[in-house]
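Here are the chains, one letter per residue:
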Amino acid sequence: MSKAQPITDGMNTVTPHLVCKDAARAIEFYKKAFGAEERFRLNTPDGKKVLHASIVIGDSMVMLADEFPDWGSVGPETLKGTPVVLHLNVKDADSAFDQAVRAGATVTMPLEEMFWGDRYGQVRDPFGHSWSIATHIRDVSLEEMEQAAKAMFGQQP
């Protein structure tokens with residue numbers, strides 16, 4: 001018997017694990033919205049729910065499953081929101097943002113150039129998860145960011 005690797009191939013130190021009311025439908029949405037590739041899916045014995053699935057978006061693994069309220073596992077729809085934003089770094093924010101919206105995401109922050117140097121916006125997927133989409137377009141020093149943040153919050157530099 002071979003020795004198991006302590007970190008599974010393709011996994012990073014931190015990997016998001018999303019809970020969705022309809023994980024099978026979420027997987028299809030993520031394929032359309034973010035170009036996700038499904039790597040693995042294990043359904044419940046009755047075939048009605050996703051017990052565990054893994055998808056890859058870009059170079060990152062995302063795990064997901066259906067809600068199992070009896071186990072305390074519920075998603076943003078049941079919770080009526082989420083404090084978490086999943087951040088996507090992409091080569092073309094405009095194209096990726098438009099693709100997500102065409103797939104059914106709702107714009108929560110329009111795409112624009114931000115003071116920290118990114119073209120950045122946010123969407124909410126049909127399952128209640130928030131996603132930011134960004135492309136780095138210019139390098140900005142910490143001092144410049146601090147000054148811009150002060151101006152944004154109405155404090156003079």
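The paragraphs below set out a description of the structure included in this document. (Residues numbered from 1 in each chain as written. Predicted model: local features only at pLDDT ≥ 70, side-chain atom pairs only at ≥ 80, totals over all residues. Heavy atoms only, no water.)

Description of the overall build of the chain
At step 1: When helices and strands are counted, the chain shows four helices and eight strands.
At step 2: Tracing the chain from N to C terminus, the helices and strands come up as β-α-β-β-β-α-β-α-β-β-β-α.
At step 3: Among the 157 residues that make up the chain, the fraction classed as buried is 35%.
At step 4: Once local pairs closer than 6 in sequence are excluded, the contacts in the chain between residues at least 24 apart make up 49%.
At step 5: Summed over its atoms, the accessible surface of the chain is roughly 10,000 Å², and 53% of this surface lies on carbon and sulfur atoms.
At step 6: Of the side chains in the chain, 16 bear a positive and 22 a negative charge, and the two mean positions are spaced by 6 Å. (Helix = DSSP H or I, 4+ residues; strand = E, 2+ residues; numbered from the N terminus. Buried < 20%, exposed > 50% of the residue type's maximum accessible area, 1.4 Å probe, protein only. Contact = heavy atoms within 4.5 Å. Areas by Shrake-Rupley, 256 points an atom, 1.4 Å probe, with all protein chains shown as cover. Lys, Arg positive; Asp, Glu negative; His and termini not counted. Charge placed at Lys NZ, Arg CZ, Asp CG, Glu CD.)

Let's talk about a nonpolar patch on the surface
At step 1: Nonpolar side chains collect at one region of the surface, where F40, L42, L51 and W71 lie side by side and expose about 430 Å² of accessible area between them.
At step 2: Mapped onto the elements, F40 comes out in strand β2 (residues 37-43). (Patch = residues over 30% accessible without salt bridge, like charges linked within 9 Å, V, L, I, M, F, W, Y side chains within 5 Å. Salt bridge = Lys/Arg side-chain N within 4 Å of Asp/Glu carboxyl O.)

Re the packing of helix α1 (residues 23-34) against helix α3 (residues 93-103)
At step 1: Running from N to C, α1 and α3 cross one another at 145°; their axes reach a closest spacing of 7 Å. Considering only the axes of α1 and α3, their crossing is right-handed. The segment α1 lies against α3, with F29, K32, A33 and F34 engaging A96, Q99, A100 and A103.
At step 2: Its residues assigned to classes, the contact of α1 with α3 comprises six nonpolar, one polar and one charged. (Axes fitted to C-alpha atoms, helices over the stretch in contact; angles between N-to-C directions. Left-handed = near helix turned anticlockwise from the far one by under 90°. Nonpolar A, V, L, I, M, F, W, Y, C, P; charged D, E, K, R; others polar.)

Brief notes about the side chain of S132
At step 1: Structurally, S132 can be placed in strand β8 (residues 130-136).
At step 2: In this structure S132 comes out as buried when scored by relative accessible area, which is 1%.
At step 3: Polar side-chain contacts of S132 include one of 2.6 Å to the side chain of H87.
At step 4: For S132, the residues in contact, after removing those within four places along its chain, are V85, L86, H87, L88, Y120, G121 and Q122. (Polar contact = N/O pair within 3.5 Å; in protein donor to acceptor, adjacent residues only side chain to side chain.)

Here's the deal with the packing of aromatic side chains
At step 1: One pass over the structure, following the stated rule, counts ten aromatic pairs.
At step 2: Look at F34 and W131: their rings are 4.5 Å apart centre to centre, the planes differ by 40°, and that puts the pair in the tilted class. Of this pair, F34 sits in helix α1 while W131 sits in strand β8, placing them 97 residues apart in sequence. One exposure class covers both F34 and W131, and it is buried.
At step 3: Put simply, the rings of F29, Y30, F34, F127 and W131 touch in pairs and so form one group of aromatic residues.
At step 4: Over the face of the ring belonging to F68 we find K49, whose NZ or CZ atom lies 4.5 Å from the ring centre. (Phe/Tyr/Trp six-rings, centres within 6.5 Å; stacked < 30°, edge-to-face > 60°. Lys NZ or Arg CZ within 6 Å of the ring centre and 35° of its normal.)

Re the environment of T78
At step 1: Inspection of the secondary structure puts T78 in helix α2 (residues 76-79).
At step 2: Between the C-alpha atom of T78 and that of F34, which follows or precedes it by 44 residues, the distance is 24 Å.
At step 3: Sequence-distant contacts of T78, that is, excluding residues within four places in its chain, are made with K21 and E67.

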